[in-house]
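Topology and contacts: notes
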Amino acid sequence: MSSNLGLEVERYELGRYAPAGYYVDLHIRFASPMIVLADFPKAWMDHYTEQAYALRDPIVGWGYSTTGTSRWSEIGIPDPFNILGQAAEHGLKYGVAISTGELKSRTIGSLARSDREYTDAEIHEIEVFINKLHQTTEPPDSLTAAQAEALRLIADGNRHGVAAKKLNISQSALKARLTAARNKLLARTTAEAIQRAKEYRLL
């Protein structure tokens, strides 16, 4: 499992498993995912968002109620808004749902294809992949004091030179601390690292 900052390898693998698209909410905490990997058709995502279907989606309900895997067609939760039927009209005809992790940090994935149901072997392979993805993106419990202080100074609007001077270190040392913080937070940019650190309550 790659831990590259943009999760490009993971996105590629998800696309390989889900030719019609995918949506994975990683580490849902306080009703909001820490990381979202999404590649469903834009028209469907726009409609889904406009109709607030996340509050009514049987796949989301299933994902919160249990862990494991299920084909969409086998999820027994009522779908009074015909969300899965509408998804099929956008090419998302067959799918598999995966739910893993503790309820306080749940990961729910939904992968789709348009041609046929997923086989048992494919579902097992996808489950292993999503479980590894969940583990490798586990939010850190803490940053070092040096990493946190470097992020705080940049978050407060200080330029690198000013921040380094306030810490009495070189700019290269400051950049090293920021890089280490980005790596720990799986962030591509310092701004993204600051946002995630705040979301994780590390700042």
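In every chain, residue numbers begin from 1 and rise along the written sequence. Two thresholds apply to this predicted model, a pLDDT of at least 70 for residue-level local features and 80 or more for giving and counting side-chain atom pairs, whereas whole-chain, interface and lining totals are computed over all residues. Computation of side-chain values covers all heavy atoms of the structure but excludes hydrogens and water.

What to know about the layout of surface pockets
Empty space within the largest pocket amounts to approximately 500 Å³. A 1.4 Å probe that fits into a set of points on a 1 Å grid over the protein atoms alone but cannot get out defines a cavity; an open set with protein on both sides within 12 Å along at least five of seven lines defines a pocket, and lining residues are those with an atom within 4 Å of a point. Tyr 23, Asp 25, Tyr 48, Ala 54 and Val 60 are, among the 25 residues lining the largest pocket, the residues nearest its centre. A helix here means a DSSP run of H or I that spans at least four residues, while a strand means a run of E at least two residues long, and both kinds are numbered starting from the N terminus. Within the residue set of the lining of the largest pocket, elements represented by two or more residues are strand S1 (21–29), helix H2 (42–50), helix H3 (58–65), helix H4 (83–89) and strand S5 (106–113). Considering every element that reaches the lining of the largest pocket, the biggest residue donor is H2, with four residues. Tallied by class, the residues present in the lining of the largest pocket amount to 21 nonpolar, two polar and two charged. Grid points are joined across faces, edges and corners, and a volume is the space filled by probe spheres set on the points. When residues are grouped by polarity, Ala, Val, Leu, Ile, Met, Phe, Trp, Tyr, Cys and Pro land in nonpolar, Asp, Glu, Lys and Arg in charged, and all others, Gly among them, in polar.

Points about helix H8 (residues 171–185)
The span one expects for a helix is its residue count, reduced by one, times 1.5 Å. In this model, H8 (15 residues) spans 21 Å end to end at C-alpha, consistent with the 21 Å of a helix rising 1.5 Å per residue. Residues Leu 174, Leu 178, Ala 181, Arg 182 and Leu 185 constitute the buried set of H8. Taken end-on, H8 shows its buried residues confined to a sector of 100°, consistent with a single buried face. Looking at the buried side of H8, the elements it contacts are helix H6 (145–155), helix H7 (160–167) and helix H9 (190–199). The cut-offs for exposure are 20% and 50% of the maximum accessible area for each residue type, with area from a 1.4 Å probe on protein chains only; residues under the lower value are buried, those over the upper are exposed, and the others partly exposed. This arc describes the spread of directions from the helix axis toward the C-beta atoms. Throughout, a residue-residue contact means that at least one pair of heavy atoms, one from each residue, lies within 4.5 Å.

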